Amino acid sequence: MSGEDPHDLLAMVFARPREALTAARSMLADGRGPYESSIARQAIGILHREFGDLDAAIGELRQAVTLARRAGSADRESDVLATLGIALLQHGRTRSGLTALDAAAERSDGTTQARVLFRRAGARWILGRHDDALDDLRRAVPALLAARDTVWAARALTLRGNVHLALGSVEPADADFSTAQRMFATTNQEHDSILAVQNRGVVAFRAGDLPAALDLLDEAERGFNGLGTPMFDLVADRCQVLLAAGLARDALEQADGGLGLLARLRGQATRRAELLLIAARAALQAADPATARARAAEARKLFAEQRRDWWAEHARLILLQAEYAALTSAPADSFPSAAALALAVNGNGFAGHGSANGNGSAGNGTRNGSRNGLPGRLLGEARRLADRLAELGSPEVWQAHLLAGRIALDLGRHAEADRHLASAGKGRHRGTATSRAGGWLAEALRAQAAGQPHRLLHACRSGLAVIEEYRLTFGSSELHALATAEGAELASLAQRHLLNTGRTRRLLAWTERWRATALAVPAVRPPDDHELLAQLASLRQLDHLLSEARSSGAASAATMERDRSRLESQVRAKTLRMRGSHDRAEPGHDGRQILAALGDGRLAEMVVIDGILHVLLCGGGRVRRHRVGPVAEAVAEVEFARSRLRRLAYERHPDQGELHALGVRLEAAVLGPVAARLGDGPIVVVPPSILHPTPWGLLPSLRRKPFTVAPSASAWLRARSAPRPDQPGRNGAGGPADGRIVLVRGPGVVNADGEVRAIAELYGGATVLADGAATAPAVLTALDGCLLAHLAAHGTFRADSPLFSSLHLDDGPLTGYDLERLHRAPYRLVLSSCDSGQMAAVGADELLGLATALLRLGTAGIVASVVPVNDETAVPVMVGLHDGLRRGLTLAEALSQARGDDVSFIAIGAG
């Protein structure tokens, strides 16, 4: 940097970090004097502090202080002392760091002092001393603006925005970030400009716009990667957004990844503590209280060592929530669905609130002052924590009050519970959707404890409405489903009350209120995103090559596996960022509408309340409730039956006596007394999501009758009214009638050639795709808006990522993400491969898989299997099914007549 102002090096540190490091080392190699060498050491120290090794950073900065003193410049010494103070603080040496910052502030004046005050404000923000930070910024910002020090003034405004966010003030934060971004745009500070994008992402998150938040954070990540500057607070911000979207496992994985990288770089102890806190919150939301306690305990220890009281108290909040979850979380069968267990206590303060007697009231006390094993000291700790968070001005104080209220209810201390729940309930009219829903949950718990049913139902209804509005911001079907988890307890409280009062029609309505509601949200067709199309095509090609590599034992298979995971992450990330249509979800249906649609048939809606499976049997103008038994037993019987059927599927002639015995045993567990009351007409079975994998065709009461399985009664009614595309004017697009029949044969399916040929003979002029022509683009084009499609292709169910479940075509897998790109769904669809009807239980009582992707788009009915298919029996069943459809039967009627001894296939939806 010969001939230039050496101070320019410090401005270059964040603008062009690689060049700055090279220039600083060049200055030192040139043997410059102590003043310029001090600047070089400071620049290297900042680079180590922000992006590398803190120990190395502190060593460089101490040398820079010594050099500044040797140069006799108090101004230079103050500036370096402030930089050293931040490094010491981030290393966890809080007292030494604050001492250095205080000394720098005392020894400086003018613009240098304003910069020092800005950095001390940053230290105080890190420590959670927000009022003190604002005091420093009140002096620093005007001074920097008056000095026309654009970069530092913009940084100070950015910091002030972060302090406002910590205090829950989103609008002032947004104003500061916007002003800072405009100022950075006039400079060459690329790092700070990218940081402004990150901050806009945080504001979008706090405003409840998660797709925009993910988009902005991804943009910031690309920018930082281009600069080669790892940003751990970006990891923390992304984790917060993922948690709000219900993606707790993703958040935990990213937080742990950030912790691993930070350890390898020997990075900032302050950042480590913050990432540990995020990881603890993610583990708690993922129903892993043991991991949450371990992460939170380590975080709290670090925060205490760093004298960061604000942060330490928030770590204590997670610790108490995790301990409460570990003590009170019932097994998965005590909730409306297995996914609801994740709500036992999550990072937003929600918790399952069941009880031993099933009505939410406390049991008898014990001599040590605890009930149901809950120690009384937990209430005292939660009470003190709520007071402390209130003193600190934390926007999360409502979580501590909600926790204290729950514990007090469990201990039978109703007056204290009411006080805490009233405090938590104040947030129901302001703040984020999560805090408002939490406020309504607190109000519902108060009403339940006070024995006020109208108030209870109003609170539950209002809280669910908040979550419904929040869900409409999403375009992703995955996020639509996951977001329902926030409302699981609200729905459960209402269901429990209505069960106890015997109001079966209202219980039916409330069960429908929060079951499979993602299917009622208008589908958002992804735009013709060429990048996404290319990614999906690459994924198919890679999967095809990976199959060949595995078959040949090629060493490249491991690399391909990593590439496939990377591509899947990119596809999923892009769909998560899709924005919702903001159209309201279709209204649910009440008992009257359901009964009117049934005619002579029956609908069996199954509901789990406090671990007990009940069936609401609808028909004949009435809704009757029948108790079946513990849902844990039903789940166990389903798994047992599925395991036996997997073995029997490979036998040429399965033992019908064994099948009947299996069916009798399974029927007793899932239908109980209802099996004898189903009547002779058509039957609709609406199971909770955890029982969807049941092989319903195995049940003796259903095996010879026409029945269909639906995610909800409302979903069945919607599917029932879906317009047929072969009726002019009713194809939903205003075009000509479409009566196309599409037959697809994928590669390597035993007997598929004969199956497709036999079905083609039943339909004159059917479109047949086979022998290399069954590629994803061709199949999607053929499926779009057709009357009937039959796909004979191997399938793969992905429980880890249900929308990557696929059918194997000639050019690779056709996934749920591909099917979501259809403009119009096929009216009817038949999938003859194994497990093609499998769906994963997510959210409160939602399902994700190939079938749900199509039902949401408007498919009336699907025939698929939920267990492995016996190849020899499948072909005559499929041919018989299509013969019945050709004769005008419904899917359920045609399958019933064609079934024979098969128990694999079920009809889903209607049609």
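So, here is what we can say about the structure in this document. (Residues numbered from 1 in each chain as written. Predicted model: local features only at pLDDT ≥ 70, side-chain atom pairs only at ≥ 80, totals over all residues. Heavy atoms only, no water.)

### Things to note about the sheet that holds strand β11 (residues 812-815)
Stage number 1. Reading across from one edge, β9-β10-β11 is the order of the three strands in this open sheet, with antiparallel pairing throughout. With one partner strand each, in any of the chains shown, β9 (795-796) and β11 form the two edges of the open sheet. (Pairing = 2+ DSSP bridges. Helix = DSSP H or I, 4+ residues; strand = E, 2+ residues; numbered from the N terminus.)

### Observations regarding the packing of aromatic side chains
Stage number 1. Scanning the entire structure with this criterion turns up four aromatic pairs.
Stage number 2. Ring-pair connections join several aromatic residues into one group, and the members of that group are Phe303, Trp310 and Trp311.
Stage number 3. Taking NZ or CZ as reference, Arg155 lies 5.3 Å from the ring centre of Trp152, over its face.
Stage number 4. In this structure, Arg428 packs its charged tip against the face of Trp440, placed 5.1 Å from the ring centre. (Phe/Tyr/Trp six-rings, centres within 6.5 Å; stacked < 30°, edge-to-face > 60°. Lys NZ or Arg CZ within 6 Å of the ring centre and 35° of its normal.)

### Here we look at the nonpolar core
Stage number 1. Among the nonpolar cores identified, the biggest contains 132 residues, and Leu210, Phe303, Leu402, Ile407, Cys460, Leu603 and Trp716 are the most heavily contacted of them.
Stage number 2. Here this core gets 11 residues from one element, more than from any other, and that element is helix α17 (residues 309-328).
Stage number 3. Not counting residues within four places of it along the chain, the set of residues in contact with Phe303 comprises Ala273, Glu274, Leu277, Arg308, Trp311, Ala312 and Ala315.
Stage number 4. In terms of nonpolar packing, the next biggest core, distinct from the first, is built from 67 residues, Ala789, Leu814, Leu854 and Ile906 among them. (Core = buried A, V, L, I, M, F, W, Y, C linked by side-chain atoms within 4.5 Å. Buried < 20%, exposed > 50% of the residue type's maximum accessible area, 1.4 Å probe, protein only. Contact = heavy atoms within 4.5 Å.)

### Here's the deal with unusual backbone geometry
Note: most residues except glycine have negative phi, and most peptide bonds are trans.
Stage number 1. Its identity as a non-glycine residue notwithstanding, Ala287 has a phi of 60°, on the positive side.
Stage number 2. Here Ala287 is to be found in the loop between α15 (269-285) and α16 (289-305).
Stage number 3. Since its relative accessible area comes to 32%, Ala287 is described here as partly exposed.
Stage number 4. Although it is not a glycine, Asp771 sits at a positive phi angle of roughly 55°.
Stage number 5. Among the secondary structure elements, Asp771 is positioned in the loop between β7 (767-769) and α34 (776-783).

### Regarding helix α2 (residues 17-29)
Stage number 1. In this model α2 runs 18 Å from its N-terminal to its C-terminal C-alpha over 13 residues, within 8% of the 18 Å that 1.5 Å per residue would give.
Stage number 2. Here α2 has its buried residues at Pro17, Ala20, Ala23, Ala24 and Met27. Buried residues of α2, viewed axially, fall in a sector of 120°; they line one side. Exposed residues on α2 whose side chains face more than 90 degrees from its buried face are Arg18, Thr22 and Ala29. (Expected span 1.5 Å × (residues − 1). Arc of directions from axis to C-beta.)

### Some words on the side chain of Asn162
Stage number 1. Note on placement: Asn162 falls in helix α9 (residues 150-166).
Stage number 2. Judged by its relative accessible area of 18%, Asn162 is buried.
Stage number 3. Ignoring anything within four residues of it in the chain, the contact list for Asn162 reads Trp125, Phe177 and Asn199.

That's the geometry; what it means functionally is another story.
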